[in-house]
Structures are given as structure tokens and as C-alpha cells.
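Examination of the molecular architecture
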Amino acid sequence: GREEGHTVLAARVRSSLERPSRRPGRSDPGRRISTRAFDRETGPAPRRRRRLEEENQPARLIREEMAPDAVAPTDAAPTEEPSGPSPYEQKSPYYAKRIELFEKYFAREGERKTAAEASNETIKVTMPDGAVRDAVKNVTSPWDIAMSIHKKLAQASILAHVDGKDWDMRRPLEGDCALKLFSFDDPEGKELYWHSSAHVLGEALELEYGADLTIGPSIEEGFYYDCYLGDKTLSDHERTQIQKRMEGIIKEKQPFQRIEVSRDEALEMFLENKFKVELITNLPEDATISCYRCGPMVDLCRGPHLPDTAWIKAVTVNQCSRSHWRADVTKDPLVRVYAVTFPTDKLMKEYKLRIEEAKKRDHRVLGLHQELFFFDILSPGSCFFLPDGATIYNNLINFIKEKYWEYEYSEVVTPNIYNFDLWKTSGHAAHYKENMFSFNVEKEEFGLKPMNCPGHCVMFGHRKRSFRELPMRLADFGVLHRNEFSGALHGLTRVRRFQQDDAHIFCLPDQIADEIKGVLDLTEDILSTFGFTEFEVNLSTKPEKSVGGPEIWDKAEGALKEALAVKGWDYEVDEGGGAFYGPKIDITVFDALKRRFQCATVQLDFQLPIRFNLSYVTENNEPARPIIIHRAILGSVERMFAILTEHFAGKYPYWLSPKQVMLVPISEASREYALEVKKQLRKAGHHAQVDETDRKMQKKVREAQLEHWNYILVVGEGEKTNRTVNVRTRDNVVHGEVKLEELMTVLNEERSTKSLTCMFGVEKSAAAAAAKEAEEAAAKASTEGGGGGGNGRKARPGARKKVASASSDDDDDDAGLARPVLGAKGRGKPKFIM
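1. Some points on the overall build of the chain
Along its length, the chain carries 25 helices and 37 strands. Going through the 834 residues of the chain one by one, you find that 53% of them count as buried. Taking all contacts inside the chain whose residues are at least 6 apart in sequence as the whole, residues at least 24 apart take part in 71%. Put simply, the chain shows about 38,800 Å² of open surface, and 49% of that area lies on carbon and sulfur atoms.

This is how it looks when you write it as C-alpha cells:
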């Protein structure tokens, strides 16, 4: 029966190979994104800058995938098809030969299974709950185990972990093992689902265009495939055809089949694809290589994959763009196609809504519309911050400086340019030079600093240090430059010139735990101020190759775990994922759209103190090495600017906003009073302006709201006489007439507390909530104590909670923004999710 099934499948494959293929047209190249791929060697690729489009058509910068490192494709229509055989027709013999070899090796896999069935060797499979199930070696699969438990479990499971290793649901188990199953709801399941979908996309690209496939990984939400089409490119006009082809493949319910081959066998199978040949030849000669097939498409892949293509229910092809092989601009140009799939239409609909909202919030568009910043070809990757943008930028830096004072950091200033001898000592000359800007001065090579740590090492080592001086916490806002590929530049999230909230702590080994805890406290303090209340925490431990002895590594990792335990934070351990010079903690935040952004990093370093021969004198008058803790919380100020712009959708909280107060005089008679109030506000440090145009009051208010002024103060003859202002918010919540003294008090408090919401009317709302709570409590007491004959009415559960919640939200003009969950002491306490 198995041989007959293979014959039928082979016939279907040959039929699909004989289908006529549409020819691709030409269009301008698109944009790219760098992410993890099959060989983990993707990265930034160049793009052609479009200055006029960025300045005059900002909406064109937004594409459906919102890819961070991409260049927007043009909308040019495809050109006429050239005569002669299509690339697909030219590649058909190669595809057919590849299938023939796959079937040969797949038959070998079938023989192994037949032999295993005959031997009928029993193995034990241990489930997460401790239950042990019997199975047959090299016959029973995770799917069989799931079906034996419950059909719905099998239908929901798309990935198995066998002794912690990724495993196909239909792949036979090879011995006694521990088994764990995952669904699409799990991050591991999503990665598998989208990687399997990438194979479907690869098959569509081969069938449509005769593409030479390179790599096709899953990404944060979706997947892409890079392919070689010679001098051809694809535009967004081809997306529909690719999507239709993918939908056809999905309907055919093509199974994902797995084989293992030797390196020579893999080379024979992919002989006509130079990209696959390069990947294969980089593997050891004795390597065992896995390959997967769906339909006529065969690809190198570690797997695992879905059982078949019918598990994919909804598909959207988002974008066609451009990249380069190995992210190297000197190598072959590739076409990159982005897509996303989901197991239900509902999830696809939700995804599209998120993408539409993300387009509206894109910091590049908001930055241009609100006149915050711009870029110019005269200095690629270096931002020009306009006055309002500079206000936000400086507010962020000043906020961090306030926290530095509170947490006892010392701010220092270091040079921007160093002789390359410094970078040779630090190791950057050998490992990072291609990312640096270098030049000659008086026949000596110098470089712009890409980071602050070597300069801080020079500062520590310029004189003898005592243990009494430690810990030494040095903070630096120095300008940094990194020579990013032009194709990697993306708004404020990837630039060449930037500043960081960078600090380095020089400490004793015994001080590591306390210093790490202090950094985590500072991190929580800062991130919760922005409303980031959900974190993911990852601890990366000692890699195979490292500097420093096992004792110091154990002590350092123990200190990190202890600090996380004291904070009560859950975390995942990335075994072996640390840098060679020390373990680290990474903290990821979620914005208002639940998108993930890795922000804060705490990194221990045992290497730089050795490279710079740093030491301090112990209490026994002996020299010893300090430990360096690298830490950044915002990361780059530019990148955090972008994250916050999209998080707040351009509606910044009062303390951060460059447009705090707009005064609207009703007539010329109240103009002088408006100017007087403006002067008082600016004297107190508030950003205030007066709309002195001759437009009607309603029009002035509407314009101020569209420009996202936090507060619009309307003044007329009545307000002038009463020394008041009429307060309303940018969301058109009217708070009415307020005395100037009260105005100043509320604005000062909202700024100093860095509140994320409007503070006008807070006391009234609190009083109303308290009154309603008292009324509910009295009613409840009356009901519970009234009449033993059962005439008392039972209180409705949850009523009090609902009333309190409704009253607390009455004056929230920024509803929907993430806010700290206030604890007993009124301090924001984050919720941590895994």
C-alpha cells in the first residue's frame, strides 16, 4: 500500500511540474529585513534611499509587514513577458531529478520502519505529568501518543519535544524518551507553523518563477523566503498570484516528508542550486543532513514541520522586496517575499487589524507629520531632530539623569575619537572594525567610538584604585557612531549616529549581586514610568567558549539568579547563550499593540578588565581584577524615541510632550490675557503657545486637538475677569473653568509625577468613587441585616468593583494606554509574563 501511495504522489508531482507557469515581470527592488535564518547568517543588506519619497510621501514608507530593515518597493506594473522558455520550464528537469532522488532516499526510510515494525521493540515514553506510555521503537510517533490520549489533543498539537529536542509529530520515536507537545498558542508552535508555511511559499516561488531558493525562516510574526531570480525582481503586483498558488498548495493537503542523507547525497540532490551547495559544503564531511519535501519542493531543513499543508487555514502574502545572499552587497541580489499564515480566519483578521493600527502609529510617518525629525541624504542614518523632537529627546535624557542621581551614578564625558590602539586593546579592531568609521590623522589611524566601555576602562585605569572606591558607577551619554549597512537603516530604530543611556559598573566580585539588583530596580522604575508593565526576562549563561574560570562564572550566574529571585521575576534560561566574556540578562517589553521590544540589558564582563590590565588594591594591599557590569535600559535614545512614539501613537504624556498647553483667546480683547498666562506657564517650565490667528474659537480648539496638544485653555472676557482658564484635553474632555493657581498646581504635579493620564478632576473622581463605595457598602449592610423572614434583597456580586472601576476612568483622556498596576504603596509593580 505504501508503494502504491508513493506512485500516486509521484504522478501528482509530475503533473504539477508540467503545469504552465506565469512569467514574472520587472519592477524596482523592494526592501528587506534581517532575521534568523536556516544557516543563522542573515543580516542587513543595502537599499536605495528615496529622499523625495520620505519627505513628500511618508505613507509610502509603510508596508504591510512593517519590516524593520526594509526598503519599500515601487508600484510599477510588470513588464511584458519575454519570448522563449520560462525559467520554470528551464528548471523543470532539475526539480524532477531532485524528486527522483528524494523518493529513492525516502524508500530507504520506509525500509527502516518496516524492519522496526518486524522487531516490535517496546520503549517507554514519559509525559510531562509523569505518566508513562508504551510505544514501539522507530514506529510509534508523537501523533500516535497524542491520539491514544485524546483526539482533540492530537488535532491541537503541531510540535513535539523529545528529550528537549524539536521533533515532527509524525516522526517515529527512536528510544525511551520524555515527550512534550505544543500547539500554535505556544511560541515554539508558532515558529514551526510559520517555518512550515515558508516551505509552502518556497514551493509557490519555484512553480511560479522557477526560483532558486536560498533560505526561508520564520520571523516574529510570519515568515519570508529569499530566492534568486537572476536580474528579475517582483513587485507588489505579484503578491496576489503567489498567494493564489499557496492557497492551491494548501488545498492539495501535501504531506511534509523527512529524510536524512549524507553530505554527498545532499550535494547530488541540490547540484544545480549554488546557494544550497554553498550551505552544504560548509558542513562537515561526515554530517547527517535532513531534508524535507512538500509536493515537488525539496529543501534542506532541520525541521520539524506540520504533518501536511492542510493545517494552514489562512494565508496573506504581504510584500515583495530585495535582499542579498549572506547579507553581503557584493554577492548575488535576491528577491524576498514576506507572508503570514494562521490556523483560523479569525486570527488572520486580528492580525490585519494590528497591522493597520501599526501603520497609523509608525514613528517615521508621525515624525514627519508632527515635525519631530527627518533624515537627509547628506548624512544617511543620522537624524535631524527639529525643536519638538529635540524636546522629547532631551526629556528622555533628563529623566534618566534624574534617576542616575537617585541611584548614585556618576555622569562622565569621554572623547568621541580615539587612536586605534585603544580598539586593538579592546578587541574591536579585530572583530568590529567593519562597523566603525575610521580615518587617518597625521599618519595614525583613528576611529569614532561605537561604544563607551573602552573609554570608561581608560578612565578607571588612569590611576591606582582602592577597593574603597568600588562600586564605581560611570554613566555616559556620549555620541556613538556605527557604520551600519545602508540597507539596514530604518527610521530611528537603526541609525548610524545615536546616544545611549550607557553605564558601566566597576565592582568587587562580592558586590555583583547587590549591583545587579540595583540595576533591576532602576530598570523597573524607568520602564514602568513609560507604562511598560509586562516584561519577558531571559538569563543567558556560559557558552562553550568563554574567558574566566568556572568559579567566577558560577558566582556571576548565581548572582544574576539571586537578583532575579529577590525581585520575584520569572525568567527563562538560555543555556550557553551568554557572551564569551560573561552572562547577561535581557528584558523585553510589550507596547500598546503587544509588540515585543528588547530594551534593557545587563551584561557581566570578565574580559575587558584583563585586556586593559585593570586592577584595584584590596584591603590586604594586594592587586585584584574588578568585574565590569555593562548596562543600558533605554538602549539608544533614538530607538526608545521610536518605540514610545508608536506606543503612545504620537500622543505623549504631559511630562514628555513638546506640545503641552495651547491657549485659545476667544477674541482680540482676550489676547493679552492669553499672552500673560503663557508667560506664567513658560516661566514655570511648561511648553505653552497662544493661537493668535483670526480663526473662530472652535476651529482653533480643533486644530490644537489634531496637533495633540495635551491641554487647550480657552480664555475670554469672563476668564480674564475671574483670573481663570477653561480647560479641555486633546481628546475633547472638558474640565471647565479653573483658577490659575489650581492650573499651575495640577500641571506641575502631572509633570513631576510623570503621570500617564490627565490629573484634572482626579480629586473629584476619587471623591465620587468613595461616595459610591460608601453607598454600596451601606446598601449591602442593609440588605444583609434586613429582616429574618427572607425579604432582604441579595446584593449583586461584583457591583462595587464595577462602580469603582467606572468612576476611576471618568477623566482618563488617554484610555487604552498601558499603565502601572498600583501596589499598596502606590508604586507601579510590573506583571511578568513568560
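2. Some points on the packing of aromatic side chains
In the structure shown here, the tally under the stated rule is 30 aromatic pairs. The interplanar angle of 50° and the centroid separation of 4.8 Å between the aromatic rings of Phe385 and Tyr393 together place this pair among those described as tilted. Three or more aromatic residues joined by ring pairs form one cluster here, namely Phe184, Tyr193, Trp194, Phe342 and Tyr351. In this structure, Arg170 packs its charged tip against the face of Trp143, placed 4.2 Å from the ring centre. When the ring centre of Trp167 is taken as origin, the NZ or CZ atom of Arg171, which lies over that ring, is 3.6 Å away.

3. Describing the side chain of Gln705
Examined against the element boundaries, Gln705 turns out to sit in helix α21 (residues 697-706). Judged by its relative accessible area of 7%, Gln705 falls in the buried class.

4. Details of the sheet that holds strand β18 (residues 438-441)
Strand order in the open sheet made by the three strands is β17-β19-β18, with antiparallel pairing throughout. The open sheet has two free edges, formed respectively by β17 (417-419) and β18, since each of these has just one partner strand. Across the sheet, the mean angle from the axis of one strand to that of its neighbour is 40°, orientation sign disregarded. Sheet topology places β18 next to strand β19 (residues 444-448); four bridges connect them, and they run antiparallel. The residue of β19 that forms the bridge with Val441 is Glu444.

5. What about a nonpolar patch on the surface?
A cluster of nonpolar side chains, contributed by Ile417, Phe439 and Val441, occupies part of the molecular surface with about 220 Å² of accessible area. Within the element layout of this structure, Ile417 appears in strand β17. Residue Ile417 is classed as partly exposed on the basis of its relative accessible area of 41%.

6. With respect to the nonpolar core
Judged by nonpolar contacts, the single largest core of 82 residues is most densely connected at Leu205, Leu234, Ile242, Met246 and Val337. Here this core takes ten residues from helix α6 (residues 187-209), the largest share from any one element. Non-local contacts of Met246, meaning those with residues more than four positions away in its chain, are made with Ser197, Val200, Leu201, Ala204, Phe223, Val315 and Val317. Of all hydrophobic cores here, the second largest spans 65 residues; its members include Cys383, Phe399, Phe535 and Leu656.

7. Concerning the confidence of the model for the chain
On average, residues of the chain carry a pLDDT of 84, and 82% of them reach 70 or more. Taken element by element, the chain is modelled with least confidence in strand β35 (residues 821-822), mean pLDDT 30, and with most confidence in strand β15 (residues 384-385), mean pLDDT 98. The low-confidence segment residues 1-10 (pLDDT under 50) makes seven contacts with residues lying over four places distant or belonging to another chain. Confidence over residues 12-79 falls short of pLDDT 50; this stretch has 223 contacts with residues more than four positions distant or in other chains.

8. Description of the packing of helix α20 (residues 671-683) against helix α23 (residues 740-752)
Relative orientation of the contacting elements α20 and α23 amounts to 35°, with a least axis distance of 11 Å. Considering how the two elements wind past one another, α20 and α23 form a crossing that is right-handed. Here Tyr673, Val677, Gln680 and Leu681 of α20 come into contact with α23, specifically with Leu740, Leu743, Met744 and Leu747.

9. Quick word on the sheet that holds strand β5 (residues 177-182)
If you trace the five strands from one edge of the open sheet to the other, you get β2-β1-β5-β3-β4, paired in mixed fashion. With partners counted over all chains shown, the strands left at the sheet margins are β2 (132-136) and β4 (165-167), one partner each. For this sheet, the mean angle separating the axes of adjacent strands, direction not counted, is 40°. Note: strand β3 (residues 159-162) against β4, three bridges, orientation antiparallel. Counted as the bridge partner of Val162 is Lys165 from β4. Against the sheet, α6 contacts β3 and β5, and its axis sits at roughly 120° relative to β3.

10. Some words on the environment of Pro284
Take Pro284: it is sitting in the loop between α9 (274-281) and β10 (288-294). By relative accessible area, which is 48% here, Pro284 ends up partly exposed. Sequence separation of Pro284 and Arg263 is 21 residues, and the distance between their C-alpha atoms is 7.9 Å.

11. Observations regarding the pattern of salt bridges
Under the counting rule described, the total for this entry stands at 46 salt bridges. A salt bridge links Arg98 to Glu206; the shortest N-O distance between them is 2.8 Å. Remark: Glu206 occurs in helix α6 and Arg98 occurs in helix α3 (residues 87-119); sequence separation between them is 108 residues. No difference in accessibility class separates Arg98 from Glu206, as the two residues are buried. Of the charged contacts, one joins Asp691 and Arg695 as a salt bridge, the two residues approaching to 2.8 Å between their closest N and O atoms. We classify Arg695 as partly exposed; its relative accessible area is 33%. Residues joined by salt bridges that share partners form a network here, namely Arg171, Glu174, Arg258 and Glu260.

12. Focus: unusual backbone geometry
Note that the residue after Gly303, namely Pro304, is joined by a cis bond; omega there is -5°. The residue Pro304 is located in the loop between β11 (297-300) and β12 (314-324) in this model. The peptide bond linking Leu470 to Pro471 adopts the cis configuration, its omega dihedral lying at 5°. Looking at where Pro471 falls in the secondary structure, it is placed in the loop between α15 (453-461) and β20 (472-476). In this structure, Lys594 takes a positive phi of about 65° despite not being glycine.

13. Section: the state of the cysteines
Throughout the structure, instances matching the rule amount to zero disulfides. For the unlinked cysteine Cys453, the closest cysteine sulfur is that of Cys457, found at 6.6 Å.

14. Side note on the pairing of β19
Across a regular strand the side chains alternate sides, sitting on one face of the sheet and then on the other. Examined bridge by bridge, β17 and β19 share three bridges and lie antiparallel to one another. By the bridge assignment for β19, Tyr418 is matched with Gly447.

15. Comments concerning the packing of helix α12 (residues 387-406) against helix α16 (residues 512-529)
Each pair of packed helices can be summarised by the angle the axes make with each other and by the distance between the axes. At a minimum axis distance of 11 Å, the contact between α12 and α16 shows a crossing angle of 150°. Looking at the two axes, α12 sits roughly antiparallel to α16. Our pair here, α12 against α16, has a crossing hand that is right-handed. Side by side, α12 and α16 meet where Phe399, Ile400, Lys403 and Glu406 of the first sit next to Leu522, Asp525, Ile526 and Thr529 of the second. Across the contact of α12 with α16, the residue classes tally to four nonpolar, one polar and three charged.

16. Focus on the environment of Arg170
One can find Arg170 in the loop between β4 and β5. Along the sequence, Arg170 and Pro142 sit 28 residues apart, while their C-alpha atoms lie 6.4 Å from each other. In contact with Arg170, not counting residues within four places along its chain, are Ser141, Trp143 and Pro307.

17. What about helix α17 (residues 550-567)?
Between its first and last C-alpha atoms α17 spans 26 Å; for 18 residues at 1.5 Å apiece the expected length is 26 Å, and the two agree. Restricting attention to buried positions, one finds in α17 the residues Trp553, Ala556, Glu557, Ala559, Leu560, Ala563, Leu564 and Lys567. Along the long axis of α17, the arc covered by the buried residues comes to 150°, so they all point the same way. Facing away from the buried side of α17, by more than 90 degrees, are the exposed residues Pro550, Glu551, Asp554 and Ala565. Contact partners of the buried residues in α17: α16, β23 (534-540), β25 (584-590) and β26 (596-605). Residue Gly568 follows α17 closely and has a positive phi angle near 75°.

Parameters at a glance
Residues numbered from 1 in each chain as written. Predicted model: local features only at pLDDT ≥ 70, side-chain atom pairs only at ≥ 80, totals over all residues. Heavy atoms only, no water. Helix = DSSP H or I, 4+ residues; strand = E, 2+ residues; numbered from the N terminus. Buried < 20%, exposed > 50% of the residue type's maximum accessible area, 1.4 Å probe, protein only. Contact = heavy atoms within 4.5 Å. Areas by Shrake-Rupley, 256 points an atom, 1.4 Å probe, with all protein chains shown as cover. Phe/Tyr/Trp six-rings, centres within 6.5 Å; stacked < 30°, edge-to-face > 60°. Lys NZ or Arg CZ within 6 Å of the ring centre and 35° of its normal. Pairing = 2+ DSSP bridges. Axes fitted to C-alpha atoms, helices over the stretch in contact; angles between N-to-C directions. Patch = residues over 30% accessible without salt bridge, like charges linked within 9 Å, V, L, I, M, F, W, Y side chains within 5 Å. Salt bridge = Lys/Arg side-chain N within 4 Å of Asp/Glu carboxyl O. Core = buried A, V, L, I, M, F, W, Y, C linked by side-chain atoms within 4.5 Å. pLDDT = per-residue confidence, 0-100. Left-handed = near helix turned anticlockwise from the far one by under 90°. Disulfide = S-S within 2.5 Å. Parallel < 35°, antiparallel > 145°, perpendicular 65-115°, else oblique. Nonpolar A, V, L, I, M, F, W, Y, C, P; charged D, E, K, R; others polar. Expected span 1.5 Å × (residues − 1). Arc of directions from axis to C-beta.

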